[in-house]
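Descriptive structure summary
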Amino acid sequence: MRTKTLPDLDPQRLKGTIVLLRVDLNVPLADGAVADDTRIEAALPTIRYLTSHGARVIALSHLGRPKGAPVPELSMAPVAVRLGELLGAPVSFTDAVRGEGLASAAGRIRDGEVLVAENTRFDPGETTNDPELAADWASLAGIYVNDAFGTAHRAHASTVGAAARIKAAGGEAVAGILMERELRFLGDALDAPSRPFVAILGGAKISGKIDVVDALLDRVDRLLIGGAMANTFFLALGLDVGDSLVEADRTDLAADVLARGGDKILLPVDCVVGVAIDAEAETRVVPRDRVSGRDKIGDIGPDSLKLFRSEIAGAGTLVWNGPMGVFEMAPFAAGTLGVAHAVAAAADAGTVAVLGGGDSAAAAHMAGVTERLTHVSTGGGASLELLAGKDLPGVTSLTRIEGE
Ligand code: ADP
Ligand code: MG
């Protein structure tokens, strides 16, 4: 069984049909204009597919966190303008989220045109998955497309309620092109990995990623752990982490993971430490059993990088989430950038290399390797949930194709 996707639909059905599209246009704004187009660009393939087949598109997205009431600075109006420029096709905007205003604007969309509705989170019913709001949206369209992977782990009216109602009324609810890609790469990486399957985990905390650690531990051949997350594992080994960021209350958890994972797990063998984590910090490289006192671990050391590199180079499939250190500060960036280059080199040589996580994606960008990776997920929380083997409500609410 798999999720039905937009290309699975007969394109003839799109002509002249109103399509309700949940899309991720949650872009950063500055001075009332779009400051970064990345997410709009990412949404274009699905929107183009729909408009080129003559669909009439109602685009729904949230923007920021307006908490169920209108916030003028979080209006979708400037996003609609930018979308029109990038799409090169007519894009209109309505300040209605629902009701009469939205319905009448929808009635004016012509074939191949897009209407951007106002910020879905201006309505309190969005995040509570209010049935009336979902019914209101569902009444406008016979086809629902979800391309907003980044919010697929949330059961909201625009991600779950509207899809369920359109399906219940005999319509279709399908995954957009971006969503399909995310599911394919993150899903396939886990379900049918080329071996050895190597996962690299890092970042600030073990607590937010324990489900991912758990799920990956059973599937991977090697689990490389860096970042502040490794510090909790050091505690579990009885090592001193000095004044480093650590979750001491998760030490038992880390010990349990080590016991279960055995020699699948590779921890850093050396660390870059400073008395402060800042851009001018003076640093030292020390073996992991020589950290003490005021030392703050800010990165994995060069021997660890070497060790990780050799595992990365031999991998059939790589999944990477979480930086190896505080890569935002130059003195602590080498480990993360080194891993980024190693992952890209493996991808060049044919390894399936999938990256998830907002900060990790920023690190790959900093290293200049983004284009070389097999797939960089656009969803933070959603990609972690998938990696943890969980179902995403925004995906399970879509139409399924039996027997495939
Ligand atoms: P992602 O967004 O890719 O999932 P996380 O949000 O889990 O990654 O973690 C990223 C953050 O972890 C970065 O801001 C980085 O500075 C921080 N970090 C990594 N290693 C350390 C460390 N040793 N000490 C403090 N912070 C760290
Ligand atoms: Mg993050």
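Below is a short write-up of the structure. (Residues numbered from 1 in each chain as written. Chains lettered and ligands numbered in written order. Predicted model: local features only at pLDDT ≥ 70, side-chain atom pairs only at ≥ 80, totals over all residues. Heavy atoms only, no water.)

So, the overall build of the protein
A count of helical and extended segments in the protein gives 14 helices and 19 strands. Its C-alpha radius of gyration of 23 Å places the protein within 12% of the 22 Å reference for a compact globule of 404 residues. Based on the C-alpha atoms only, the size of the protein along its principal axes is roughly 70 × 50 × 35 Å. Taking all 404 residues of the protein together, the buried fraction comes to 54%. Contacts spanning at least 24 positions in sequence make up 75% of the contacts within the protein whose residues lie at least 6 apart. Carbon together with sulfur atoms contributes 50% to the accessible area of the protein, which is approximately 16,300 Å² in total. Between the mean site of the 38 positive side-chain charges and the mean site of the 53 negative ones, the protein shows a separation of 2 Å. (Helix = DSSP H or I, 4+ residues; strand = E, 2+ residues; numbered from the N terminus. Rg over C-alpha atoms; globule rule 2.2 N^0.38 Å. Buried < 20%, exposed > 50% of the residue type's maximum accessible area, 1.4 Å probe, protein only. Contact = heavy atoms within 4.5 Å. Areas by Shrake-Rupley, 256 points an atom, 1.4 Å probe, with all protein chains shown as cover. Lys, Arg positive; Asp, Glu negative; His and termini not counted. Charge placed at Lys NZ, Arg CZ, Asp CG, Glu CD.)

Structural notes on the site of ligand 1
Contacts to ligand 1 come from 18 residues, most closely from Lys-209, Ile-297, Glu-328, Asp-359 and Ser-360. A distance of 3.1 Å separates a nitrogen atom of ligand 1 from a polar atom in the backbone of Ile-297. In this structure, Ser-360 approaches ligand 1 through a side-chain N or O atom, which is 2.4 Å from an oxygen atom. Isolated, ligand 1 exposes 580 Å² of accessible area, and the fraction of that covered by the protein chains is 82%. Looking at the shell around ligand 1, the elements that each hand over two or more residues are α8 (227-236), β15 (296-300) and α12 (358-367). Per element, the largest residue contribution to the shell around ligand 1 is three residues, and it comes from α12. Classifying every residue of the shell around ligand 1 gives six nonpolar, nine polar and three charged. (Near = heavy atom within 4 Å. Polar contact = N/O pair within 3.5 Å; in protein donor to acceptor, adjacent residues only side chain to side chain. Nonpolar A, V, L, I, M, F, W, Y, C, P; charged D, E, K, R; others polar.)

Structural notes on the environment of Ile-18
In this fold, Ile-18 is placed in strand β2 (residues 18-22). Separated by 96 residues in sequence, Ile-18 and Val-114 have C-alpha atoms that sit 9.7 Å apart.

As for the sheet that holds strand β5 (residues 56-60)
What the six strands build is an open sheet, ordered β6-β7-β5-β2-β8-β9; its pairing is parallel. One side of each edge strand has no neighbouring strand; the edge strands of this open sheet are β6 (91-93) and β9 (172-175). Taken over all neighbouring pairs, the strand axes of this sheet differ in orientation by 25 degrees on average, direction set aside. Bridge count between β2 and strand β8 (residues 143-146): four bridges; the pairing is parallel. Residue pairing in the sheet places Leu-20 in a bridge with Tyr-144 of β8. (Pairing = 2+ DSSP bridges. Axes fitted to C-alpha atoms, helices over the stretch in contact; angles between N-to-C directions.)

Remarks on the nonpolar core
Nonpolar side chains in soluble globular proteins tend to end up buried together. Ranked by size, the top nonpolar core spans 72 residues in total, and within it Leu-20, Ile-58, Trp-137, Leu-223 and Phe-233 carry the most contacts. No other element matches the six residues that helix α6 (residues 177-191) contributes to this core. When residues no more than four places from it in sequence are discounted, the contact partners of Leu-20 are Ile-58, Leu-60, Trp-137, Ala-141, Ile-143, Tyr-144, Val-145, Ala-162 and Ile-166. (Core = buried A, V, L, I, M, F, W, Y, C linked by side-chain atoms within 4.5 Å.)

Quick notes on unusual backbone geometry
In this chain, Arg-195 is followed by Pro-196 through a cis amide linkage whose omega measures 0 degrees. Within the element layout of this structure, Pro-196 appears in the loop between α6 and β10 (197-201). Phi is positive for Asn-129, which is not a glycine, with a value near 55 degrees.

Remarks on the sheet that holds strand β14 (residues 283-287)
Ordered in space as β14-β13-β15, the three strands form an open sheet in which the pairing is antiparallel. Each end of this open sheet is capped by a strand with a single partner; those strands are β14 and β15. Each strand axis lies, on average, 40 degrees off the axis of its neighbour in the sheet, ignoring direction. Here strand β13 (residues 270-274) runs beside β15; their pairing, made up of four bridges, is antiparallel. Of the residues in β15, the one forming a bridge with Val-273 is Ile-297. Across the sheet, helix α10 (residues 302-313) touches β13, β14 and β15, and the angle it forms with β15 is around 35 degrees.

Brief notes about the packing of α10 against helix α11 (residues 334-348)
For any two helices packed against each other, the geometry comes down to the angle between their axes and how far apart the axes lie. Running from amino to carboxyl end, α10 crosses α11 at an angle of 20 degrees, the nearest separation of the two axes being 9 Å. Considering the angle they form, α10 stands roughly parallel to α11. When the axes of α10 and α11 are compared, the crossing they make is right-handed. Contacts from Leu-305, Arg-309 and Ile-312 of α10 reach α11 at Ala-334, Gly-335, Gly-338, Val-339, Ala-342, Val-343 and Ala-346. In terms of residue class, the contact of α10 with α11 is built from seven nonpolar, two polar and one charged. (Parallel < 35°, antiparallel > 145°, perpendicular 65-115°, else oblique. Left-handed = near helix turned anticlockwise from the far one by under 90°.)

Description of the pairing of β8
Side chains of β8 alternate between two faces, with Ile-143 and Val-145 and Tyr-144 and Asn-146 buried alike. Relative to β9, β8 runs parallel, the two sharing four bridges. Looking at β9, one finds that Ile-143 is bridged to Glu-172. Of the crossover connections in this fold, the one passing from β8 over helix α5 (residues 157-168) to the parallel β9 is right-handed. (Right-handed = clockwise from strand over helix to strand, strands pointing away.)

Brief notes about the pattern of salt bridges
Using the criterion set out here, one finds 22 salt bridges in the structure. Residue Arg-195 is joined to Asp-221 by a salt bridge in which the shortest nitrogen-to-oxygen separation is 3.0 Å. Taken as a pair, Arg-195 in the loop between α6 and β10 and Asp-221 in the loop between α7 (210-219) and β11 (222-225) lie far apart in primary sequence, 26 residues in all. On the basis of relative accessibility, which here comes to 48%, the residue Arg-195 falls in the partly exposed class. (Salt bridge = Lys/Arg side-chain N within 4 Å of Asp/Glu carboxyl O.)

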